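Structural overview
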Amino acid sequence: SPEWLPGDLPHDRAAHLNCLNEGKLDAFDGGIYGPVYAYSQYEPDQVRNYYAWAHDYVLCDNFFASVGGPSYPNHFFFVAGQSGGAIDNPENIETTVVEGKKFKSWGCDAVGDDVFVFVLDDKGNLTKHDSCFDIPTVPQQLSQIGVDWAYYAAVPGQAGYFWNALNGIGPIFHADTFHEHTRPVGQLIADIEATRLPAVTWVTPRFELSDHPPFSTCFAQNWVTDIVNAVMRSDAWMHTAIFLAWDEWGGFYDHVLPPEVDGLGLGIRVPALVISPYARRGLIDHEVGEFSSPLKFIEDNWGLPHLTPRIERTHNFEHVFDFGRNPRTDAEPLGHLKCHGNAFDFPENYPGWVPGTTPVTSPL
């Protein structure tokens, strides 16, 4: 697979069902670029740092997206262990310009006429819901017992702002304390270095640094590397567990049929890494996991009740750690990979594309 792709691959709810093709897993070639790139993979040297962490810490090879669909419902699972029944991205979302910058939101501040998202209830009924939900979250649980937390994300006017799941949780978004807990992702490294991270931290990237096609996976990997390196060099490292995952499959082929746990999922398998001085070196974790699994780790660590059935049914990662010994002291910060071009400038011509490829004209 090339570092930059010429365009995106289909990965909405319909694409998920098409890719599965009733269990045959043979129909990932949708859209303009799917026939060429959906059945591609990266070589180890292209994902050198991801590969190094997998070798030195924990690689979860049975980890799945929580929802058989795109980013919007899956990001809710990262904070709530449910999506309010949402199965797809919101419809009728418009992009507007605020103070000279493009603004797009999937949350409570979404812009557009008749904005809605399809939701599926326990009985299989499909209905429309606005893009602002009132569902309980683990961040709220933490606040109730006085444990501080933060959510770093792209800010309004930056691509990737719509991935801040808390923008779509009404009681959090409309609270006076919203901006006390949500922070610009651009200040994350400085906060790590200044020991300003709270006990629990969520991080979502800017779009251009997210591994999301068509943007460079190399620059995205360097961004993650900077975060992991900063934590490793900080005093917090000896008390930290990092859960690194991708929010869905992005339209790319995988050969493992997802387990069916309810009407929403599980979605197609995604990579997941656990990086910590307590992580078992080189462990390949075969336990079935999803985005509710880190939430169970958080809840069990602070003695909180399990918020949803999904959290209750999953594991809490206890088996990938060895808390019975002193933390490892062999952390090794990694260097950057050499990338093509500039992270924020989509190339009009990229030498890694199949000859004759016409790239998308507007990647954002």
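Attention in this report is confined to the structure presented alongside it. Per chain, residue numbering runs from 1 following the sequence as it is written. Confidence filtering applies because this is a predicted model: local features only for residues at pLDDT of at least 70, side-chain atom pairs given and counted only at 80 or more, and all residues used for totals across whole chains, interfaces and linings. The side-chain numbers reported here are obtained from all heavy atoms of the structure, hydrogens and water having been left aside.

1. Considerations on the overall build of the chain
Helix and strand content of the chain: 11 helices and 11 strands. Here the globule rule is a power law, 2.2 Å times the number of residues to the power 0.38, and the radius of gyration is based on C-alpha atoms. In summary, the chain has a C-alpha radius of gyration of 20 Å against a globular reference of 21 Å for 364 residues, a match within 12%. Projected onto its principal axes, the C-alpha coordinates of the chain cover approximately 55 × 45 × 45 Å. Classification of the 364 residues of the chain by burial places 52% in the buried group. Considering only intrachain contacts with a sequence separation of at least 6, the fraction spanning at least 24 residues in the chain is 75%. With residues, only the protein chains shown are counted as cover, and all accessible areas are computed by Shrake-Rupley using a 1.4 Å probe. Looking at the chain as shown, the accessible area adds up to about 16800 Å², and 51% of this sits on carbon and sulfur atoms. We count a stretch as a helix when DSSP gives it H or I for four or more residues in a row; a strand needs E for two or more, and each element gets its number in order from the N terminus. Here the term buried applies to any residue with accessible area under 20% of the maximum for its type, exposed to any over 50%, and partly exposed to those in between, with areas from a 1.4 Å probe on protein chains only. In this analysis, two residues are considered to be in contact whenever any of their non-hydrogen atoms come within 4.5 Å of each other.

2. Here's the deal with the sheet that holds strand E7 (residues 182–184)
Picture the strands of a sheet paired through backbone hydrogen bonds; they go either parallel or antiparallel. Only strands that DSSP links by at least two bridges are regarded as paired with each other. Strand order in the open sheet made by the three strands is E7-E6-E8, with parallel pairing throughout. Of all strands in the sheet, those with a lone pairing partner are E7 and strand E8 (200–203), marking the two edges. Taking each pair of neighbouring strands and ignoring which way they run, the sheet shows an average axis angle of 25°. The pairing of strand E6 (residues 149–153) with E8 spans four bridges and is parallel. When the bridges of E8 are listed, tyrosine 152 appears paired with valine 203. Note on method: axes are straight lines fitted to C-alpha atoms, helices fitted across the in-contact stretch only, with angles between N-to-C directions ranging 0 to 180 degrees.

3. Quick notes on the nonpolar core
Trp53, Leu142, Trp202 and Ile275 are the most contacted members of the largest nonpolar core, which totals 103 residues. If one sorts the elements of this core by residue count, helix H9 (residues 217–233) sits on top with nine residues. Beyond its immediate sequence surroundings of up to four residues, tryptophan 53 is in contact with Val58, Val224, Thr225, Val228, Met232, Leu244, Leu273, Ile275 and Leu334. As used here, the term nonpolar core means buried Ala, Val, Leu, Ile, Met, Phe, Trp, Tyr and Cys residues forming a set that is joined through side-chain atoms within 4.5 Å.

4. Topic: the pattern of salt bridges
Each salt bridge in this description consists of a side-chain nitrogen of Lys or Arg and a carboxyl oxygen of Asp or Glu lying within 4 Å of one another. Considering all chains together, one arrives at 10 salt bridges under this definition. Of the charged contacts, one joins arginine 269 and aspartate 254 as a salt bridge, the two residues approaching to 2.9 Å between their closest N and O atoms. With a gap of 15 residues between them, arginine 269 in the loop between strand E9 (242–245) and strand E10 (272–275) and aspartate 254 in the loop between E9 and E10 connect regions that are remote in the sequence. The class of aspartate 254 is buried, set by a relative accessible area of 11%. Taking the shortest distance from any N to any O, the salt bridge between arginine 310 and glutamate 290 comes out at 3.1 Å. Taken together, the positions of arginine 310 in helix H11 (residues 309–313) and glutamate 290 in the loop between strand E11 (283–285) and helix H10 (293–301) put the pair 20 residues apart, joining distant regions of the chain.

5. Here's the deal with helix H4 (residues 71–80)
The buried fraction of H4 amounts to 10 of the 10 residues, a majority that puts the element mostly inside the structure. Of all the positions in H4, only Ser71, Tyr72, Pro73, Asn74, His75, Phe76, Phe77, Phe78, Val79 and Ala80 are classed as buried. Phi for glycine 81, located one or two positions after H4, is positive at around 70°.

6. Looking at helix H1 (residues 13–20)
By the burial criterion, the buried members of H1 are Arg13, Ala15, His16, Cys19 and Leu20. One face of H1 carries all of its buried residues, which in axial projection span an arc of 160°. Taken from the residues just after H1, asparagine 21 is the one with a positive phi, measuring 45°. For this quantity, the arc is that covered by the directions from the helix axis to the C-beta atoms.

7. So, unusual backbone geometry
Put simply, proline 213 and proline 214 share a cis peptide bond, and its omega is 10°. One non-glycine residue, asparagine 21, lies in the positive phi region at around 45°. Mapped onto the elements of the fold, asparagine 21 is located in the loop between H1 and helix H2 (34–37). Unusually for a residue other than glycine, glutamate 99 sits at a positive phi of about 50°. One can find glutamate 99 in the loop between strand E2 (96–98) and strand E3 (101–103).

8. What to know about the pairing of strand E5 (residues 126–129)
Relative to E5, strand E4 (residues 117–120) runs antiparallel, the two being bridged by four bridges. If you follow valine 117 over to E5, its bridge partner there is histidine 129. Where E4 hands over to E5, the hairpin turn is made up of five residues, of which glycine 124 adopts a positive phi near 85°.

9. Regarding the sheet that holds strand E1 (residues 58–60)
The strand order across the open sheet formed by four strands is E9-E10-E1-E11, and the pairing between neighbours is mixed. With partners counted over all chains shown, the strands left at the sheet margins are E9 and E11, one partner each. Averaged over all pairs of adjacent strands, the angle between strand axes in this sheet comes to 20°, irrespective of strand direction. Where E9 and E10 come together, four bridges link them in antiparallel fashion. Its bridge partner being in E10, isoleucine 242 is matched across the sheet by isoleucine 275. The strands that helix H3 (residues 48–56) touches are E1, E9 and E10; relative to E10, the one it contacts most, it runs at about 60°.

10. Looking at the packing of H3 against H9
For the pair H3 and H9, interaxial distance at closest approach is 9 Å and the crossing angle is 40°. It follows from the interaxial angle that H3 and H9 lie oblique. Two secondary-structure elements touch here, H3 through Arg48, Asn49, Tyr50 and Trp53 and H9 through Ala220, Gln221, Val224, Thr225, Val228 and Met232. Across the contact of H3 with H9, the residue classes tally to six nonpolar, three polar and one charged. Angular relationships are summarised with four words: roughly parallel below 35 degrees, roughly antiparallel beyond 145, roughly perpendicular across 65 to 115, and oblique for the angles in between. Amino acids outside the nonpolar list (Ala, Val, Leu, Ile, Met, Phe, Trp, Tyr, Cys, Pro) and the charged list (Asp, Glu, Lys, Arg) are all regarded as polar, and Gly is one of them.

11. Description of the state of the cysteines
Two cysteine sulfur atoms form a disulfide, by the criterion used here, when they sit within 2.5 Å. Under the definition given, this model contains two disulfides. Between cysteine 108 and cysteine 132 runs a disulfide, and the two sulfur atoms are separated by 2.0 Å. Residues cysteine 108 and cysteine 132 share a disulfide whose torsion about the S-S bond is about 80°; that sign makes it right-handed. Residue cysteine 108 is found in the loop between E3 and E4, and its partner cysteine 132 is found in the loop between E5 and helix H5 (138–144); the two are separated by 24 residues along the sequence. Sequential numbering of the bridged cysteines in the chain gives the disulfide pattern 1-2, 3-4.

Read these as layout, nothing more, since geometry by itself doesn't imply function.
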